[in-house]
Number of protein chains: 2
Amino acid sequence: MKLKVVSKILDANERIAQENQRIFKDAGVYVINLMSSPGAGKTSLLEKTIQKLSGTVTVGVIEGDITGSDDARRIDNLGVPVVQINTGGACHLDANMINEVVMDLPLKDLRILFIENVGNLVCPAEFKVGEDIKVMILSLTEGDDKPLKYPLMFQESSALIVNKIDLKPLLTVDVQKIRRDALSLNPSIRIFEVSCKTGEGIEEWAKWLLTKIS
Amino acid sequence: MKLKVVSKILDANERIAQENQRIFKDAGVYVINLMSSPGAGKTSLLEKTIQKLSGTVTVGVIEGDITGSDDARRIDNLGVPVVQINTGGACHLDANMINEVVMDLPLKDLRILFIENVGNLVCPAEFKVGEDIKVMILSLTEGDDKPLKYPLMFQESSALIVNKIDLKPLLTVDVQKIRRDALSLNPSIRIFEVSCKTGEGIEEWAKWLLTKIS
C-alpha cells in the first residue's frame, strides 16, 4: 500500500510555538504577547508596568521592531533584561524569531516575559509565538470603529488596554462602543482604561496581571 | 549589558523548509512544488508526466488537499508512491506539513518528487516547502489577465504550463498576452503550451524536466 492519508499536521509556526511553550513552562515564566497599532503605547505601557511591578516580580522583555532599537533602550534604562529583534521586513513576530533569542534572556530568573510585537493591528494576531496570553492596546485616538474592523486581534486577546484615556475630553470617540463591540467579539476579554501618561488605570491592570501569574 | 539586538532570523516556515532541503539533497531527490488554481489540471499533468517518464526516472508524489484523497488514488493507480496530506482548513502546504510526511516515502529510491499543492493561485507561492523549483499551471480557460492579477506565483515559478490548449479555438483568450505578461514578471520563466487531454506538449515539458535533473 503506497497511499497514506495524513491530516492534522501542525503548521510550521505552530510547531515551533509549541517548542517555545515548553521552554517557557520549564523555566516557570509567564509570557505575554503584547500587540497594537504603531504608536498606541506598547513600550510606554511596559515602562509603567515594569515600574509598578518592581520589587514584586521579575520581568524580561523581547522587543520586536522592523528596524532600530529605540524601544529596547527604553526598557534597558529600567535595568530589565531585554533583547531586540529586528524583523527586517516582516510585519509581525513569529515563533522561530522568538525561539532564536530566548536563550539570550535569563529565563529562569524571570517570572513574566513581555514580547512586544511589531506595531500592526492585523498579522501579529495570526502568529502564536509560544505565549500564555495575548494582550492588546488600542489608543483612544484610533477611534471606536476598530473592534469591528480588526476583529481577530480582539478575539485573540485576553485583555484590551484602552490607552490615552486622558485625551477623552478632547475626542468624540465613544468608549462604550469600543467596550460593547470588543465584548461582542470576545465576551471574556478584560478591558482596562489606562493613561500611560498620567498613570490612571495602571494599578488595576498590574493587579490583574498578578492574578494571572499567581 | 542586557540589551542585545538580533536580526536576520529565519521565519518558522523558512527554517523547516531548509531542513527539508537537506533531507531531499541527502536522498538525491529533485523536488518540484506544483501549484495552480483549482481545476487547472495539476493531477492530470502528473498522470501524463509519470506515464511519460515511466522506465526513465523514478517518481513519487505528495498530494495536498484541504480534504479527501481522490487525487492520491489517481496517482496510486499508476503504481507510484504517494502520500496524501489533508490540510484541514489551510489553503496551502507549508514546510512542516512536508516535514511530517517525507519519511513515509521511499525517498532514496526516488529521483523526482512532485508536491501537488492545494488549488490556490495566491498563498502557495508564499510558502517554501523545501523544493528545488516551483512549477505552475494556468488553464487557458482562466483567462489571459491572470499573470498581472496574481504576479507572485508567476515570479516564483521556473516553468509555466498553459494547460487545456486544445480549447484555444473555442476561447477568446490571448495566449500571447499570457506569455508576454508572464515574461515581463519573470524573464527566465519557461512556458509550455500543453493539453493533458490530447497529450500535446507533454513531450517537450518532460524533456525539459529531464534536463533539470541531469
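Criteria and thresholds
- Residues numbered from 1 in each chain as written.
- Chains lettered and ligands numbered in written order.
- Predicted model: local features only at pLDDT ≥ 70, side-chain atom pairs only at ≥ 80, totals over all residues.
- Heavy atoms only, no water.
- Phe/Tyr/Trp six-rings, centres within 6.5 Å; stacked < 30°, edge-to-face > 60°.
- Least-squares fit on C-alpha atoms with pLDDT ≥ 70 in both.
- pLDDT = per-residue confidence, 0-100.
- Axes fitted to C-alpha atoms, helices over the stretch in contact; angles between N-to-C directions.
- Helix = DSSP H or I, 4+ residues; strand = E, 2+ residues; numbered from the N terminus.
- Parallel < 35°, antiparallel > 145°, perpendicular 65-115°, else oblique.
- Contact = heavy atoms within 4.5 Å.
- Nonpolar A, V, L, I, M, F, W, Y, C, P; charged D, E, K, R; others polar.
- Buried area = accessible area lost by both parts, 1.4 Å probe.
- Salt bridge = Lys/Arg side-chain N within 4 Å of Asp/Glu carboxyl O.
- Polar contact = N/O pair within 3.5 Å; in protein donor to acceptor, adjacent residues only side chain to side chain.
- Left-handed = near helix turned anticlockwise from the far one by under 90°.
- Buried < 20%, exposed > 50% of the residue type's maximum accessible area, 1.4 Å probe, protein only.
- Arc of directions from axis to C-beta.
- Pairing = 2+ DSSP bridges.

A.B. asks: Mind showing me how you'd approach the packing of aromatic side chains here?
C.D. replies: For any pair of aromatic rings, the description consists of the separation of the ring centres together with the inter-plane angle of the planes. For the coordinates displayed, the defined rule picks out 6 aromatic pairs over all chains. Through a chain of ring-to-ring contacts, the aromatic side chains of A:Phe192, A:Trp205 and A:Trp208 assemble into a single cluster.

A.B. asks: How should I be thinking about the relation of the copies chain B and chain A in this particular structure?
C.D. replies: Copy one and copy two of the chain differ by a rotation about a common axis and a shift along it. Of the transformation placing chain B onto chain A, the axial shift is 0.0 Å and the rotation is 180°, giving an RMSD of 0.0 Å. Both copies of the chain, as the preceding transformation shows, are related through a two-fold rotation axis. Among all residues of chain B, the one whose C-alpha sits closest to the rotation axis is B:Ala12, at a distance of 2.8 Å.

A.B. asks: Looking at this model, I keep getting lost on the confidence of the model for chain A. Mind explaining?
C.D. replies: Detailed conclusions should not be drawn from predicted coordinates in areas where pLDDT is low. For chain A, mean pLDDT is 95; residues scoring 70 or higher make up 99% of the total. Among the scores for the predicted complex, ipTM is 0.76 and pTM is 0.84.

A.B. asks: Teacher, can you tell me more about the packing of helix 1 (residues 12-27) of chain A against helix 1 (residues 12-27) of chain B here?
C.D. replies: Look at helix 1 of chain A against helix 1 of chain B: their axes get within 8 Å of each other, and the N-to-C directions meet at 100°. When the axis of helix 1 of chain A is compared with that of helix 1 of chain B, the two are roughly perpendicular. Residues A:Ala12, A:Asn13, A:Arg15, A:Ile16 and A:Glu19 of helix 1 of chain A pack against B:Ala12, B:Asn13, B:Arg15, B:Ile16 and B:Glu19 of helix 1 of chain B. When the residues that make up the contact of helix 1 of chain A with helix 1 of chain B are grouped by side-chain class, the tally is 4 nonpolar, 2 polar and 4 charged.

A.B. asks: Is there a simple way to think about the interface of chain B and chain A in this case?
C.D. replies: Interfaces are often sized by the amount of accessible area the parts lose when they come together. Between chain B and chain A, the contact holds 34 residues from the first and 34 residues from the second. Together chain B and chain A conceal approximately 2,800 Å² of surface at their shared face, both sides included; 58% is due to carbon and sulfur atoms. Inspection of the chain B/chain A interface yields 2 salt bridges. For the salt bridge of A:Arg15 with B:Glu19, the shortest nitrogen-to-oxygen distance reads 3.6 Å. The interface formed by chain B and chain A contains 12 residue pairs in polar contact (both at pLDDT 80 or more). Contributing elements (two or more residues each) for the side of chain B that touches chain A: strand 1 (4-7), helix 1, helix 3 (70-76), strand 4 (82-86) and helix 4 (95-101) of chain B.

A.B. asks: How should the packing of helix 2 (residues 42-53) of chain A against helix 8 (residues 202-213) of chain A be read in this particular structure?
C.D. replies: Residue and element names in this part refer to chain A. Direction vectors running N to C along helix 2 and helix 8 enclose 70°, while the axes themselves pass 10 Å from each other. It follows from the interaxial angle that helix 2 and helix 8 lie roughly perpendicular. Considering how the two elements wind past one another, helix 2 and helix 8 form a crossing that is right-handed. Along its contact with helix 2, which presents Leu45, Lys48, Thr49, Lys52 and Leu53, the element helix 8 presents Ile202, Glu203, Trp205, Ala206, Leu209 and Leu210.

A.B. asks: So what exactly am I meant to see when it comes to helix 7 (residues 175-185) of chain A here?
C.D. replies: Residue pairs spaced three or four apart in an α-helix point in one direction, given the helix's 3.6 residues per turn. All names here are of chain A. Among the residues making up helix 7, those that are buried are Val175, Ile178, Asp181 and Ala182. Buried residues of helix 7 fall within an arc of 130° about the axis and therefore sit on the same side. Away from its buried face, by an angle of more than 90 degrees, helix 7 presents the exposed residues Arg180 and Ser184. Elements that come into contact with the buried residues of helix 7 comprise strand 6 (133-139), helix 5 (146-149), helix 6 (151-156), strand 7 (159-163) and strand 8 (190-193). Taking the backbone nitrogen of glutamine 176 as reference, a side-chain oxygen 3.0 Å away marks aspartate 174 as the first, capping residue of helix 7.

A.B. asks: What is the right way to look at the pairing of strand 7 of chain A in this model?
C.D. replies: Side-chain positions along a regular strand alternate between the two faces of the sheet. Residue and element names in this part refer to chain A. Counted residue by residue, strand 7 has 5 buried out of 5 residues, so it is predominantly covered. Neither face of strand 7 is left uncovered, since the one carrying Ala159, Ile161 and Asn163 and the one carrying Leu160 and Val162 both have all their residues buried. Alignment of strand 6 against strand 7, held across 5 bridges, turns out to be parallel. Pairing of methionine 136 across the sheet is with leucine 160, part of strand 7.

A.B. asks: What is the right way to look at the sheet that holds strand 2 (residues 30-36) of chain A in this model?
C.D. replies: Sheet strands associate in pairs through backbone hydrogen bonding, adopting either a parallel or an antiparallel arrangement. Read across the sheet, 8 strands follow the order 8(A)-7(A)-6(A)-2(A)-5(A)-3(A)-4(A)-1(B) without closing on themselves; strand pairing throughout is parallel. Looking at strand neighbours, the two that pair on one side only are strand 8 of chain A together with strand 1 of chain B, the edges of this open sheet. Shown here is a sheet whose adjacent strand axes are inclined to one another by a mean of 20°, direction ignored. Relative to strand 5 (residues 112-116) of chain A, strand 3 (residues 59-65) of chain A runs parallel, the two sharing 5 bridges. Counterpart to A:Val59 in the pairing with strand 5 of chain A is A:Ile112.

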